[in-house]
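Each chain, letter by letter, is given below.
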Amino acid sequence: MKVTIVGSGFVGQTTAMRLVERGTGQIVLTDIVEGLPQGLALDLKESAPVEGFEPSIVGTNDYADAAGSDVVVITAGFPRQPGMSRMDLLSKNAGIVRDVVEHIAPASPDAIVIVVTNPLDEMTFLAADVSGFPKERVMGMAGVLDSARLRYFIAEELGVHPASVEAMTLGSHGESMVALPRHATVDGKPLPELVDEATIERLFQRTRDGGAEIVALLKKGSAYYAPSASIARMVGAIAGDTHEVLPVSAWTTGQFGISDVYVGVPARLGRRGVEAIVELDLNGGELAALREAAEGIRAKCADLAKI
Ligand SMILES: NC(=O)c1ccc[n+]([C@@H]2O[C@H](COP(=O)([O-])OP(=O)(O)OC[C@H]3O[C@@H](n4cnc5c(N)ncnc54)[C@H](O)[C@@H]3O)[C@@H](O)[C@H]2O)c1
């Protein structure tokens, strides 16, 4: 596997660390800032004798080094600052994502692209549009992160190990995130049997605001440990051809009554990218919320054409 990470900021560099430590394959870390990816790659390689991994990482400012990538992760772009919504980043990051994809796509025509730059669903649409790649080979990372946040908050509330909590969020990476209490379980028990409705709503609202809570605490930039873990999980599913179902921003073709828009849905991931969207059993309210999120993203994607 050759995995290129574009953007060596906090998300890009922590993703590189996770992937290289896991022995994912050849990792290429890039950025427009001269010396930054080279310095980070060297630092990571120097940790290899201590940590015991293969130092398969190259830091570069030259897109030629990314040629022939199997997976490209796009983290280039501005993060939020306190008080900003992800949507405030739309016009600034659209230019960056367009530029990155124009450089990456011709030299890695068979790559699977994972977009991370915010606003996530809209940047994923843009990357697919600019690359011209089949839509199943372009996807966005947000659902794994939002679900991880929700799982952690449930675990914290109930005092259990986070791994014993299963939960999934769908919809957009933002205000119209769709939480699915009926599908959340703790040690196999449905969440609604363990906590009352007000608690569920509080945990879901904290998840919706999870990114902003960290932005407010950091005061400069946004989260990266949980985002990089989520990206690494998606890369692992693709590289290992695991066919596991993860919530990702994927192109819809009629699933849940939604078509022709990127939105967070459960998707089976493997070496070909999104192999299928899995249609969970959603009730009327959940379906309506998912469709509303999709329409919100569709409207913002239309705005992209004016930028
Ligand atoms: N999808 C998610 O769930 C999620 C989670 C966290 C962060 N994000 C987003 O990821 C992006 C990166 O976050 P971060 O914390 O790493 O930011 P950061 O500021 O630490 O790093 C961004 C990096 O992108 C680089 N860059 C800018 N323009 C570039 C270009 N044209 N080509 C190559 N590199 C370029 C910058 O030099 C910088 O090093 C932000 O847009 C942030 O909002 C998304």
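Residues numbered from 1 in each chain as written. Predicted model: local features only at pLDDT ≥ 70, side-chain atom pairs only at ≥ 80, totals over all residues. Heavy atoms only, no water.

**Points about the layout of surface pockets**
Step number 1: Within this model, the largest pocket holds a volume of roughly 1000 Å³.
Step number 2: As for the largest pocket, its lining consists of 44 residues, of which Thr75, Ala76, Gly77, Phe78 and Pro79 are closest to the centre.
Step number 3: Of all the elements in the fold, those that place two or more residues in the lining of the largest pocket are helix 1 (10-21), helix 4 (90-107), helix 6 (143-158) and helix 8 (210-218).
Step number 4: A per-element tally of the lining of the largest pocket places helix 1 first, with four residues.
Step number 5: Across the lining of the largest pocket, the residue classes tally to 21 nonpolar, 16 polar and seven charged.
Step number 6: In this structure, the second largest pocket spans a volume of roughly 650 Å³.
Step number 7: Every residue lining the second largest pocket is counted, 28 residues in all, and those nearest its centre are Val144, Ser147, Ala148, Arg149 and Ser230.
Step number 8: Elements with a contribution of two residues or more to the lining of the second largest pocket: helix 6, helix 8, helix 9 (225-239) and strand 12 (245-253).
Step number 9: Counting residues per element, the lining of the second largest pocket draws most heavily on helix 6, which supplies seven residues. (1 Å grid on protein atoms, 1.4 Å probe; cavity = no way out; pocket = protein on both sides within 12 Å on 5 of 7 lines; lining within 4 Å. Points joined across faces, edges and corners; volume = space filled by probe spheres on them. Helix = DSSP H or I, 4+ residues; strand = E, 2+ residues; numbered from the N terminus. Nonpolar A, V, L, I, M, F, W, Y, C, P; charged D, E, K, R; others polar.)

**Here we look at the pairing of strand 14 (residues 273-277)**
Step number 1: Direction of pairing for strand 13 (residues 259-270) relative to strand 14: antiparallel, over a ladder of four bridges. Bridge assignment links Ala267 to a residue of strand 14, and that residue is Ile277.
Step number 2: Hairpin remark: strand 13 followed by strand 14, antiparallel, with two residues in the connecting loop. (Pairing = 2+ DSSP bridges.)

**Remarks on the nonpolar core**
Step number 1: If you look at the biggest cluster of nonpolar residues, it comprises 52 residues, and the most contacted ones within it are Val73, Ile114, Met139, Met234, Val248 and Leu269.
Step number 2: With near-sequence residues (within four places) excluded, Leu269 lies in contact with Met139, Met234, Ala237, Thr242, His243, Glu244, Leu246, Val248, Val274 and Glu275.
Step number 3: If you look at the next biggest cluster of nonpolar residues, it comprises 26 residues, including Val72, Ala76, Ala111 and Ala127. (Core = buried A, V, L, I, M, F, W, Y, C linked by side-chain atoms within 4.5 Å. Buried < 20%, exposed > 50% of the residue type's maximum accessible area, 1.4 Å probe, protein only. Contact = heavy atoms within 4.5 Å.)

**A closer look at the site of the ligand**
Step number 1: If you check the shell around the ligand, you find 31 residues, and the closest are Val11, Asp31, Phe78, Val116 and Met141.
Step number 2: A distance of 3.0 Å separates an oxygen atom of the ligand from a polar backbone atom of Phe10.
Step number 3: Contacts to the ligand include Asp31, whose side-chain N or O atom sits 2.7 Å from an oxygen atom.
Step number 4: Under a 2 Å grid-point criterion requiring more than half of the atoms, the pocket assigned to the ligand is the largest pocket.
Step number 5: Within the residue set of the shell around the ligand, elements represented by two or more residues are helix 1 and helix 4.
Step number 6: Top element by residues in the shell around the ligand is helix 4. It accounts for four residues.
Step number 7: Classifying every residue of the shell around the ligand gives 19 nonpolar, ten polar and two charged. (Near = heavy atom within 4 Å. Polar contact = N/O pair within 3.5 Å; in protein donor to acceptor, adjacent residues only side chain to side chain. Sits in = over half its atoms within 2 Å of the grid points.)

**Here's the deal with unusual backbone geometry**
Step number 1: Cis rather than trans, the peptide bond between Asn118 and Pro119 has omega equal to -5°.
Step number 2: Even without glycine at this site, Phe256 takes up a positive phi of about 55°.
Step number 3: Residue placement: Phe256 occurs in the loop between strand 12 and strand 13.

**Brief notes about the sheet that holds strand 7 (residues 165-166)**
Step number 1: Spatially, 7-10-11 is the arrangement adopted by the three strands of the open sheet, whose pairing is antiparallel. Each end of this open sheet is capped by a strand with a single partner; those strands are strand 7 and strand 11 (189-190).
Step number 2: The pairing of strand 7 with strand 10 (residues 185-186) spans two bridges and is classified as antiparallel. Pairing of Val165 across the sheet is with Val186, part of strand 10.

**Re the pairing of strand 5 (residues 112-115)**
Step number 1: Alternating residues of strand 5 divide into Ile112 and Ile114 and Val113 and Val115, and every residue in both groups is buried.
Step number 2: Bridge count for strand 4 (residues 71-74) against strand 5 is four bridges, and the pairing is parallel. If you follow Val71 over to strand 5, its bridge partner there is Ile112.
Step number 3: Handedness of the strand 4-helix 4-strand 5 crossover: right-handed.
Step number 4: Examined bridge by bridge, strand 5 and strand 6 (residues 138-140) share three bridges and lie parallel to one another. Within strand 6, the residue paired with Val115 across the bridge is Gly140.
Step number 5: Regarding the hand of the β-α-β motif, the stretch spanning strand 5, helix 5 (residues 120-131) and strand 6 is right-handed. (Right-handed = clockwise from strand over helix to strand, strands pointing away.)

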